[in-house]
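Fold and contact review
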Amino acid sequence: MAAIAVLGAQWGDEGKGKVAHLLSEDAEFCVRFNGGTNAGHRVIFTKIKVSAAERRGGAVTEEGEFKFHLVPSGALHEHCTGVLGNGMVIDPRALINEIEALRSIKDEEPQLFISPRAHLLLPYHPIIEELAGAASEIGTTSKGIGPAYGDKIQRHGITMADLLFEDVFREKLRRNLEREKQLWGRDSTLSKLKADALADEILELSGSFRERIVDTVKLLNQALDEGKKVIFEGAQGCLLDIDFGTYPYVTSSSATIGGIGVGAGVSPRRIEKIIGVTKAYTTRVGSGPFPTEARDALGERLQLKGQEFGTTTGRPRRCGWLDLVALKYASQINGFTELAVMKLDVLSEFSEIPVTISYRYKNELLEDFPMALPILERCEPAYEKLPGWQEDISHCREFSELPTNAQRYIRFIEEQLGVPVSLISVGPANTDNIFK
Ligand code: IMP
């Protein structure tokens with residue numbers, strides 16, 4: 001099995017980082033192909049950098065936590081090379097901080113390559129996002145993601161390759177900043193930014209990662225030609241995808257399978273396994289419709305038990321029940337070959353678990369995800385209630401060890417979607433999993 005995609009099947013935060021990190025254990029490459037620092041992949045791992053003295057003393061394992069924003073989760077493994085694909089928007093300051101953080105916990109220099117076609121996210125992008133009011137309207141992460149992709153689509157974005165040509169970089173930065181100042185002239189924060197000083201800073205910073213800018217299209221396709229294992233780690237999820245998500249309450253990149261083609265330069269035809277990652281329930285951060293949202297005490301219990309607070313922004317996540325209408329839609333778009341069901345343990349305390357297999361819209365029952373936002377906004381979930389199991393499952397490592405009702409819950413998902421569940425996560429640690 002050479003190429004594996006790990007994709008979010010909901011509104012992000014499904015636990016893709018944990019799955020990608022697990023699968024990368026014996027992979028040569030782990031690749032990000034969309035988004036930027038809006039993503040927050042939290043991975044709990046069981047080895048941190050140890051000094052030679054400690055190693056001699058045998059103290060080589062300890063539990064640690066790493067929060068990824070730009071670097072793919074597989075890069076935590078010593079032998080796995082991280083790749084930041086062309087579909088990303090990369091904040092150079094954040095990149096350097098993350099490489100430094102990785103250095104502090106890895107024994108070896110982190111192996112990381114960056115596409116020359118990836119776009120830069122620069123300090124004026126978050127300012128513009130704030131001025132445009134996207135943070136309050138869409139509930140964005142305020143990282144400047146939309147404006148950075150906006151520059152790309154309007155064809156004046158600055159790429160990683162531009163950093164290799166100082167004169168080109170300086171000129172583009174000067175023009176872009178000037179254009180934005182004219183547009184948003186009265187804003188003092190933006191007008192304080194000076195193109196020359198900013199260019200000096202970014203060029204100096206880039207000195208520490210310039211040699212990592214290589215032809216990643218060639219690198220990845222060659223690796224696949226040689227039968228090497230490559231993991232493609234999606235950021236955000238299908239319902240936040242710029243094309244297929246709940247537009248305009250979406251992010252600005254392609255979070256679905258097609259994102260690998262456009263964001264990494266690898267044909268989706270080459271992907272052999274497409275793993276849809278879903279929580280056993282649903283969460284969403286930011287604004288926009290969420291039919292199965294539980295705006296009651298049960299929703300609060302999900303939030304508390306699942307520790308549903310954003311990795312990137314710390315914002316509390318909206319919580320609700322599993323939405324199989326939306327999940328079927330995600331499966332249709334992505335062609336999932338298998339599913340990873342995360343955080344099943346969070347449901348352990350509930351006596352009944354509502355699951356939605358259709359929506360009520362006016363006097364109709366809809367089994368398909370609505371094609372227009374105004375319909376989705378008016379949909380009510382039609383719940384089926386599945387019996388809970390009300391016992392601790394965090395120690396289970398085999399499917400057969402799960403209580404009967406937990407097994408039924410998983411089988412129900414498989415039957416409704418027609419896709420097998422291959423991984424069930426029963427706790428936050430790297431080892432809290434059932435491979436089915
Ligand atoms: P942006 O990506 O910062 O522009 O935010 C657009 C929408 O996507 C907002 O609703 C964000 O909360 C959401 N979003 C972006 N990244 C993530 C993520 O990694 N997890 C969950 N939601 C995200």
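The preceding data block contains the structure.
It should be emphasised that the depicted structure is a prediction, and the values quoted were computed from it without experimental measurement.

Residue alternation in strand β2 (residues 29-32) divides its side chains into two sets, Phe 29 and Val 31 and Cys 30 and Arg 32, and both sets are buried. Relative to strand β5 (residues 81-84), β2 is paired through four bridges, and the arrangement is parallel. Bridging across to β5, Phe 29 finds its partner in Thr 81. In the sheet, β2 pairs with strand β9 (residues 230-233) via four bridges, with the strands oriented parallel. Across the sheet, residue Phe 29 finds its bridge partner in β9, namely Val 230.

Neighbouring the ligand are 17 residues; Asp 13, Asn 38, Thr 141, Thr 251 and Arg 315 lie closest to it. The side chain of Asn 38 places a nitrogen or oxygen atom 2.8 Å from an oxygen atom of the ligand. For the ligand, whose free accessible area comes to 470 Å², the fraction covered by protein is 97%. Residue composition of the shell around the ligand, by class: seven nonpolar, eight polar and two charged.

What characterises a pair of aromatic rings is the spacing of the ring centres plus the angle enclosed by the ring planes. Overall, the coordinates contain six aromatic pairs when judged by the stated rule. Each ring, one from Trp 11 and one from Phe 290, has its centre 5.3 Å from the other, and the planes form 50°; the classification is tilted. Highlighted residues: Trp 11 in the loop between β1 (3-8) and α1 (16-23) and Phe 290 in the loop between β11 (282-284) and α12 (297-305), separated in sequence by 279 residues. Taken as a pair, Trp 11 and Phe 290 share a single burial class, namely buried.

Before going further, it helps to spend a moment on the packing of helix α3 (residues 92-105) against helix α9 (residues 195-206). Relative placement of two packed helices is described by the angle separating their axes and the distance separating the axes. Contact geometry of α3 with α9 gives a least axis separation of 10 Å together with a crossing angle of 30°. As far as their axial angle goes, α9 and α3 are roughly parallel. Along this stretch, α3 crosses α9, giving a crossing that reads as left-handed. Mapping the contact onto sequence places Pro 92, Arg 93 and Ile 96 in α3 and Leu 198, Glu 201, Ile 202 and Leu 205 in α9.

The residue Val 168 is located in helix α7 (residues 166-183) in this model. With relative accessibility at 34%, the residue Val 168 sits in the partly exposed group. Distance in space between the C-alpha atoms of Val 168 and Ile 158 is 9.3 Å, their sequence separation being ten residues.

Our focus in this paragraph is the pairing of strand β15 (residues 352-361). Consecutive residues of a regular strand have side chains that alternate between opposite faces of the sheet. Within β15, seven of the ten residues are buried, which leaves the element mostly enclosed by the surrounding structure. Here strand β13 (residues 322-323) runs beside β15; their pairing, made up of two bridges, is parallel. Looking across to β15, one finds that Asp 323 is bridged to Thr 356. Pairing of β15 with strand β17 (residues 380-387), which is carried by eight bridges, proceeds in the antiparallel orientation. The partner of Tyr 359 across the bridge, within β17, is Pro 381. With three bridges joining them, β15 and strand β16 (residues 364-366) adopt antiparallel strand pairing. Along β16, the bridge assignment pairs Tyr 359 with Leu 366.

The subject of this paragraph is the sheet that holds β9. Read across the sheet, nine strands follow the order β7-β5-β2-β9-β1-β10-β14-β18-β19 without closing on themselves; strand pairing throughout is mixed. The sheet terminates laterally at β7 (112-114) and β19 (433-435), the two strands that pair on one side only. Between one strand axis and the next, the sheet turns through 20° on average, direction left out of account. Pairing of β1 with strand β10 (residues 273-279), which is carried by five bridges, proceeds in the parallel orientation. Paired with Leu 7 across the strands is Gly 276, a residue of β10. Lying on the sheet, α1 is in contact with β1, β9, β10, β14 (338-342), β18 (421-425) and β19; it crosses β1 at an angle near 165°.

Here the focus is unusual backbone geometry. Between Tyr 247 and the following residue, Pro 248, the backbone shows a cis peptide bond with an omega angle of 10°. Looking at the element boundaries, Pro 248 is found in the loop between β9 and α11 (258-264). A positive phi angle, near 50°, is found at Gln 307, a position not held by glycine.

Reading guide: rules and limits
- Residues numbered from 1 in each chain as written.
- Predicted model: local features only at pLDDT ≥ 70, side-chain atom pairs only at ≥ 80, totals over all residues.
- Heavy atoms only, no water.
- Buried < 20%, exposed > 50% of the residue type's maximum accessible area, 1.4 Å probe, protein only.
- Helix = DSSP H or I, 4+ residues; strand = E, 2+ residues; numbered from the N terminus.
- Pairing = 2+ DSSP bridges.
- Near = heavy atom within 4 Å.
- Polar contact = N/O pair within 3.5 Å; in protein donor to acceptor, adjacent residues only side chain to side chain.
- Areas by Shrake-Rupley, 256 points an atom, 1.4 Å probe, with all protein chains shown as cover.
- Nonpolar A, V, L, I, M, F, W, Y, C, P; charged D, E, K, R; others polar.
- Phe/Tyr/Trp six-rings, centres within 6.5 Å; stacked < 30°, edge-to-face > 60°.
- Axes fitted to C-alpha atoms, helices over the stretch in contact; angles between N-to-C directions.
- Parallel < 35°, antiparallel > 145°, perpendicular 65-115°, else oblique.
- Left-handed = near helix turned anticlockwise from the far one by under 90°.
- Contact = heavy atoms within 4.5 Å.

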